[in-house]
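# Descriptive structure summary
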Amino acid sequence: SIPLTFFGGIGGASRSGILIKGGNYLEALAQVKTIVFDKTGTLTQGVFQVTGVFPAEGFTEDTLLETAALAESWSNHPIAQSLRAAWGKPLDSSRTRQVHEEAGHGLTAQVDGVPVAAGNARLMEQQGVQIPKSSKPAEGATVVYLTINGTYAGFLQISDVEKLTSAQAIQSLKRQGIRTVMLTGDAEAAAHQVAQRLGLDDYHAQLLPGDKVEKLEQLLNAKAPNSTLAFVGDGINDAPVLRRADVGIAMGSLGSDAAIEAADVVLMDDDPAKLPLALRIARKCRRIVY
Ligand code: ADP
Ligand code: MG
């Protein structure tokens, strides 16, 4: 019968680490024509390495890195984790107070009572701080600029790498006729590099969490009749997008509880290669049902 076949599909998928929260989503998965991806933690590992420390005149590499790591000591953003790991020594987070983290920007805090801002070019603009023309990060790198007591103190260059199976998963989806799009809060150059390496059909960069919802809605409005759109994310700032998509797919182990709650499908091991597999399982069930 129909329900039994659906249960078979859901059971089969779950044995592959793909949790589908009901027959409706199995059906919706079978009709996916567009998959929209978050970047950090979804297509990339979400584990940034610090690849360069560039203090402004009057600051040392140690001051720049330690202050950035201290400022970020309360944050659980992947960028914060990487800065703490790069500092490598114990950090006394009680030195950091009044932390205000702003999605898509970075954060401000008091470190030893001194105001510090750590984040991207958008945050610097918001703080009214001019980034010197001599600050030239490598093409495609993600950058954290730092101000100490209102003065530009330099930048840290960090980079994230694609998951080992991301490129293969994208190629496999393309062979299935799926259009692939990436939405990210990261800078244009960093997004461009990932999109090109993975062979994505399209991408949109520098998006704030609200912009991601707006972009998703545009893509939902533009899709072909009788087709569905899936969004794949890790839940950091993207739970509203997960909820809005026809099929919201969360990365299970990296993802927050909120993401797993908001999602219709959960990939238990965060592996993008499970996406083409999920679509194949869903279509196979459909052929059996009809
Ligand atoms: P993504 O869309 O790639 O998952 P986010 O929306 O989490 O990225 O963040 C977008 C951008 O905002 C980051 O690339 C970074 O420039 C900046 N940012 C966010 N949080 C922090 C932070 N804690 N420290 C420094 N920069 C941050
Ligand atoms: Mg993210």
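Per an unreviewed UniProt entry, the protein chain carries the name Cd(2+)-exporting ATPase and comes from Allofournierella massiliensis.

## Concerning the overall build of the protein chain
Secondary structure summary: the protein chain contains 11 helices and 13 strands in total. Here the C-alpha coordinates of the protein chain stretch approximately 75 × 35 × 30 Å along the principal axes. In the protein chain, which comprises 290 residues, the proportion classed as buried is 45%. Across the protein chain, contacts joining residues at least 24 apart in sequence account for 58% of those joining residues at least 6 apart.

## Points about unusual backbone geometry
Leave glycine aside and you will find that most residues have negative phi; peptide bonds, for their part, are mostly trans. A positive phi angle, close to 50°, is found at Gln98, a residue other than glycine. Relative to the helices and strands, Gln98 is located in strand E4 (residues 96–102). In the Ramachandran plot, Asn149 falls in the positive-phi region, its phi being about 55° despite a non-glycine side chain. Since 10 C-beta atoms lie within 10 Å of it, Asn149 is described here as exposed.

## Notes on the site of ligand 1
Contacts to ligand 1 come from 24 residues, most closely from Thr40, His77, Gly106, Asn120 and Gly185. Listing elements by their share of the shell around ligand 1, those giving two or more residues are helix H4 (78–87), strand E5 (106–111), strand E6 (114–119) and strand E7 (142–148). Residue composition of the shell around ligand 1, by class: 7 nonpolar, 12 polar and 5 charged. Shared between two domains, the shell around ligand 1 holds at least three residues of each, these being domain 1 (2–45 + 162–289) and domain 2 (49–159).

## Focus: the sheet that holds E5
Spatially, the 6 strands line up as an open sheet ordered E3-E8-E7-E6-E5-E4, and their pairing is antiparallel. Edge positions in the sheet fall to strand E3 (49–55) and E4, since each of these pairs with one other strand and no more. In this sheet, adjacent strand axes meet at a mean angle of 20° when their direction is disregarded. Where E3 and strand E8 (residues 151–159) come together, 6 bridges link them in antiparallel fashion. Residue pairing in the sheet places Pro55 in a bridge with Gly154 of E8. Relative to E3, H4 is tilted by about 75°, and along the sheet it contacts E3, E7 and E8.

Procedures and definitions
- Residues numbered from 1 in each chain as written.
- Chains lettered and ligands numbered in written order.
- Predicted model: local features only at pLDDT ≥ 70, side-chain atom pairs only at ≥ 80, totals over all residues.
- Helix = DSSP H or I, 4+ residues; strand = E, 2+ residues; numbered from the N terminus.
- Buried ≥ 20, exposed ≤ 12 C-beta atoms within 10 Å, placed from the backbone.
- Contact = placed C-beta atoms within 7 Å.
- Near = placed C-beta within 6 Å.
- Nonpolar A, V, L, I, M, F, W, Y, C, P; charged D, E, K, R; others polar.
- Domains from an automatic or database assignment.
- Pairing = 2+ DSSP bridges.
- Axes fitted to C-alpha atoms, helices over the stretch in contact; angles between N-to-C directions.

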